[in-house]
Amino acid sequence: MNVDLDLLRQYNQSLPRYTSYPTAPHFGEAVGRETFRAEVWRANTAAPEAPLSLYLHLPFCRQLCYYCGCHMKVTHDPARIAKYLRYLKREIDLLAPMLSSDRPVTQVHWGGGTPTLLSPEQIRELGEHLRDRFRMAPDAEMSIEADPRGLTEDHIAAAREIGMNRLSLGVQSFDPTVQEAINRVQPERLTRTAVQWARDYGIESVNLDLVYGLPHQTPDTMADTLGGVVDLAPDRIALYSYAHVPSVLEHQRLIPEEALPAPTERLRLFKQALERLTTTAGYRFIGLDHFAKPDDELALAQDNGTLRRNFQGYSTRAGADVYAFGLSGIHQLSGLYAQNTKNLRTYYDQIDQDELTVYRGYRPTQEDRLRRHVIMQLMCNAEVQKGAVEARFNVDFDAHFSAALDRLRPLEQDGLVALRPDAITVRPPGRLLVRNVAAAFDAYLHDAAPDAQPAYSESV
Ligand SMILES: C[S@@+](CC[C@H](N)C(=O)[O-])C[C@H]1O[C@@H](n2cnc3c(N)ncnc32)[C@H](O)[C@@H]1O
């Protein structure tokens, strides 16, 4: 894949990542647990056999990574983790009976924080608890995030025993200087061992997380990291752009700003990584930050137009409502977004009262659903067929989206999209800037006053 630096520079701006539409900053407290309960009941009655996707948030980490932008809490206290797990299981027990037991679970994801901060025994217990309360589909995609530091062979054995078939390991960079600056010293051999255990225990797919734009990162250290990663041959790679927002995330002030690569350097690192992964290493660029081997499910789903996007990133399990358990988790039903509290004390208090902890959300209008569909098609499958949208939503595409089409014309001139009478196609250079293409259809971005806009990260 060839990368045009000038084009990246020209289009690099703050834009949403469209894991939802509208995006989470538009969620409001008009949606609370009563609205959520009613929608769960409605959706479950309307489709009592519809598949389910379950997300479990395990927020604890043993040590603070200075770059971290995830919803996490540092702890060294095993009792704190044990307490959280007790409440997480009670939350599962509150919600599971609201869903028909016929509904197959086709996707499970444990994210964090660091799910593998749980002991192997705790992983087994939580996995069994889920299996007791839900019907897992035999081919369910089950994934867990792990930190190679502190990971043991028994963690992998436990994950496998409860059915986990995907493992996502945090790497970020193999360079010791970078690792020191981000407070995440993680010798390469730990990652190698973790990948080997995953393979030994029959985990089908391994993902490695990398970040570019970290302090002290240079083309040389990036080349070394990429070399090490390619050598490990993971099935998927996530390459995130470091989002540095110390005004919001105070701990990021511990990152030495003078050591951060300048904007052009960052783009160069991105170009370098992209070219290395997609040419000699043979990975397919799926979109945004994701790469997969060409025979991976993600690549195949993209080929046949069935790739989807949710808060966990790209997914092949279309049509499953996502139910989220744990602090800050976001439920994604087709008719409602709803987020659990981010406050641990509130989380415990509400579960003590046998209440769910949803505190905000959003009910998409018909117009939101239409725009969400177009945005997701562009983000996932690089194309939107106008006729299919017209048939599904009963609109005249060109008339309805005339403002969006006008916004896309300069992008067409720059070769990012092809605007055809029957379809909009994202062309290869536009795949890197797909957020800019999707943003043309975002009514909230264009209709709201500029100072009312939430802060999003840059496109690359
Ligand atoms: C919840 S973490 C990973 C799991 C595990 N806790 C670990 O540390 O290995 C998810 C991933 O988000 C990415 N990430 C976290 N903070 C970020 C930031 N500020 N900018 C870009 N990527 C970030 C990292 O690649 C990280 O591995």
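Residues numbered from 1 in each chain as written. Predicted model: local features only at pLDDT ≥ 70, side-chain atom pairs only at ≥ 80, totals over all residues. Heavy atoms only, no water.

Notes on the overall build of the protein
Tallying secondary structure elements over the protein gives 18 helices and 19 strands in all. Rg of the C-alpha trace for the protein: 22 Å, near the compact-globule value of 23 Å for 460 residues, within the 12% margin. Dimensions of the protein, computed from C-alpha atoms along their principal axes, come out at roughly 60 × 55 × 40 Å. Counting the 460 residues in the protein, one finds 58% classified as buried. For the protein, the computed accessible surface area is about 18900 Å², with 49% contributed by carbon and sulfur atoms. Here the protein contributes 50 positive and 60 negative side-chain charges, whose respective centroids are spaced 2 Å apart. (Helix = DSSP H or I, 4+ residues; strand = E, 2+ residues; numbered from the N terminus. Rg over C-alpha atoms; globule rule 2.2 N^0.38 Å. Buried < 20%, exposed > 50% of the residue type's maximum accessible area, 1.4 Å probe, protein only. Areas by Shrake-Rupley, 256 points an atom, 1.4 Å probe, with all protein chains shown as cover. Lys, Arg positive; Asp, Glu negative; His and termini not counted. Charge placed at Lys NZ, Arg CZ, Asp CG, Glu CD.)

Regarding the side chain of Arg149
Tracing the chain through its elements places Arg149 in the loop between strand 5 (135-146) and helix 5 (153-161). Polar side-chain contacts of Arg149 include one of 2.7 Å to the side chain of Asp147. Apart from residues lying up to four places away in sequence, Arg149 is in contact with Gln63, Cys65, Asn183, Arg184, Val185, Gln186 and Leu190. (Polar contact = N/O pair within 3.5 Å; in protein donor to acceptor, adjacent residues only side chain to side chain. Contact = heavy atoms within 4.5 Å.)

With respect to the UniProt feature "binding site: S-adenosyl-L-methionine 1" (unreviewed entry) in the protein
Sites flagged by UniProt as "binding site: S-adenosyl-L-methionine 1" (unreviewed entry) map to Tyr55, Gly112, Glu145 and Ile330. Residue class for Gly112 comes out buried when judged on its relative accessible area of 11%. Among all residues touching Gly112, those that are not within four sequence positions of it are Tyr55, His57, Leu58, Cys70, His71 and Glu145. Looking at Ile330, the relative accessible area reads 11%, which means it is buried. (UniProt positions renumbered as here; feature names shortened; annotations may be inferred.)

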